[in-house]
Amino acid sequence: MKHGLLIDMDGVIYSGETLIEGADKFIAGLLKKDIPFTFMTNNSQRTRLDVVRKLKLLDITVSEDHVYTSAMATGKFLGDQGSNGTAYVLGEGGLLSSLHENGITLVNTDPEFVVLGEGRNFTLEMVQRAVDMILAGAKFITTNRDPSPKKPGWNNLGIAATTAMIEEATGRKAFVIGKPSPVMMRSARKHLGLETAETTVVGDTMETDIQGGVQMGYKTILVLSGIAQKEQLSHYAFKPDLIVSSVDQIEFPLKWWPEDV
């Protein structure tokens, strides 16, 4: 039986543009030990190549096969809904590429889906157009529901805020693809070629990475190098299987892995 990891990025491998100490050695160790892993990110704006290039700047060398994004999960989900689907998209880069690769036609009128992802180039006029399309019967999909970090000067409103605006204007709830949705958690596992019992999630947020892993029956590792704070963990009805200060504290084989892994 093989075992592998679904690894969050921001707060686990880096913080903003800064490498978290020891993360480069952790990834190098996974590659050396031939432990299967993929970076699992809710960011739908970046392509896989964008992610690989950012990691390269932090002295982490991986391939595009090591990256799975909410854009990829969204494209696959819509592609599986039926051939020749159409979508009006509020998003950029990786999301547009993934939809195209999965046979979704991007349109400006009468779409089957309205798809919302991260981006700074869409306008309030485009949001209003999306609202009208949803009211006319289009299905509302959002790549994730990550909140704004609520920091002065932050250059992204936060997809949760934009989603809430459209939901209020239409009275329709978005179908969310990204973490902690089972859609992405399952899709990322299959991308890595693992079974449920072979999968461990490594993340820094209880609400997305750990909750998503727990709901899917995966093992979970919480790192305290990002958002989660140890004194707040008792507030949650679920808990991770392991808590470490950062990824460089993770030792292999994990205690729930067979000894011969």
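Placed above this text is the structure.
So, how was this worked out
- Residues numbered from 1 in each chain as written.
- Predicted model: local features only at pLDDT ≥ 70, side-chain atom pairs only at ≥ 80, totals over all residues.
- Heavy atoms only, no water.
- Phe/Tyr/Trp six-rings, centres within 6.5 Å; stacked < 30°, edge-to-face > 60°.
- Lys NZ or Arg CZ within 6 Å of the ring centre and 35° of its normal.
- Buried < 20%, exposed > 50% of the residue type's maximum accessible area, 1.4 Å probe, protein only.
- Helix = DSSP H or I, 4+ residues; strand = E, 2+ residues; numbered from the N terminus.
- Pairing = 2+ DSSP bridges.
- Right-handed = clockwise from strand over helix to strand, strands pointing away.
- Axes fitted to C-alpha atoms, helices over the stretch in contact; angles between N-to-C directions.
- Parallel < 35°, antiparallel > 145°, perpendicular 65-115°, else oblique.
- Contact = heavy atoms within 4.5 Å.
- Nonpolar A, V, L, I, M, F, W, Y, C, P; charged D, E, K, R; others polar.
- Expected span 1.5 Å × (residues − 1).
- Arc of directions from axis to C-beta.
- Salt bridge = Lys/Arg side-chain N within 4 Å of Asp/Glu carboxyl O.

> So what's going on with the packing of aromatic side chains? Residues and values would help.
In the structure shown here, the tally under the stated rule is five aromatic pairs. Geometrically, the ring pair formed by Phe37 and Phe39 is edge-to-face, given 5.6 Å between the ring centres and 80° between the ring planes. Three or more aromatic residues joined by ring pairs make a cluster, and in this case those are Phe26, Phe252 and Trp257. For Lys139, the ring lying beneath its charged end belongs to Phe113, and the centroid distance is 5.5 Å.

> Could you give me a rundown of the pairing of strand β4 (residues 37-41), with the residues and numbers involved?
Along β4, five of the five residues are buried, which leaves the element largely enclosed by surrounding structure. Of the pairings in the sheet, the one linking strand β1 (residues 4-7) to β4 comprises three bridges and is parallel in character. From the neighbouring strand, Leu6 faces β4, where its bridge partner is Thr38. Strand direction decides the pairing type here: β4 and strand β5 (residues 67-69), joined by three bridges, are parallel. Bridging from a neighbouring strand, Phe39 pairs with Val67 of β5. Crossover handedness for the path β4 to helix α2 (residues 48-57) to β5: right-handed.

> Talk me through the packing of helix α7 (residues 182-192) against helix α8 (residues 206-216); I want residue IDs and the actual numbers.
For the pair α7 and α8, the least separation of the axes is 10 Å and the interaxial angle reads 75°. By the angle between their axes, α7 is roughly perpendicular relative to α8. Along the contact surface, α7 presents Pro182, Met185 and Arg186, while α8 presents Asp209, Gly212, Gly213 and Met216. For the contact of α7 with α8, the per-class residue count stands at three nonpolar, two polar and two charged.

> Hey, could you go over helix α5 (residues 124-135) for me, with residue numbers and the actual values?
With 12 residues, α5 extends 16 Å between its outermost C-alpha atoms, agreeing within 8% with the 16 Å of an ideal straight helix rising 1.5 Å per residue. Within α5, burial applies to Val127, Ala130, Val131, Met133 and Ile134. One side of α5 holds all its buried residues, which, seen down the axis, span an arc of 165°. Once α5 ends, the next one or two residues include Gly137, with phi positive near 125°.

> An account of the pattern of salt bridges is requested, with residue identities and associated values reported.
Overall, the coordinates contain nine salt bridges when judged by the stated rule. Of the charged contacts, one joins Asp8 and Lys179 as a salt bridge, the two residues approaching to 2.9 Å between their closest N and O atoms. Linking Asp8 in the loop between β1 and β2 (14-15) with Lys179 in the loop between β10 (175-176) and α7, this pair joins segments that are 171 residues apart in sequence. A relative accessible area of 4% means that Lys179 is categorised as buried. For Lys54, the salt bridge is made with Glu17, and the minimal N-O distance between the two is 3.5 Å. In this pair, Lys54 sits in helix α2 while Glu17 sits in the loop between β2 and β3 (18-19), placing the two residues 37 residues apart along the sequence. Lys54 gets classed as buried once you look at its relative accessible area, which sits at 12%. Within this structure, Asp8, Lys179 and Asp209 form a network of salt bridges that share partners.

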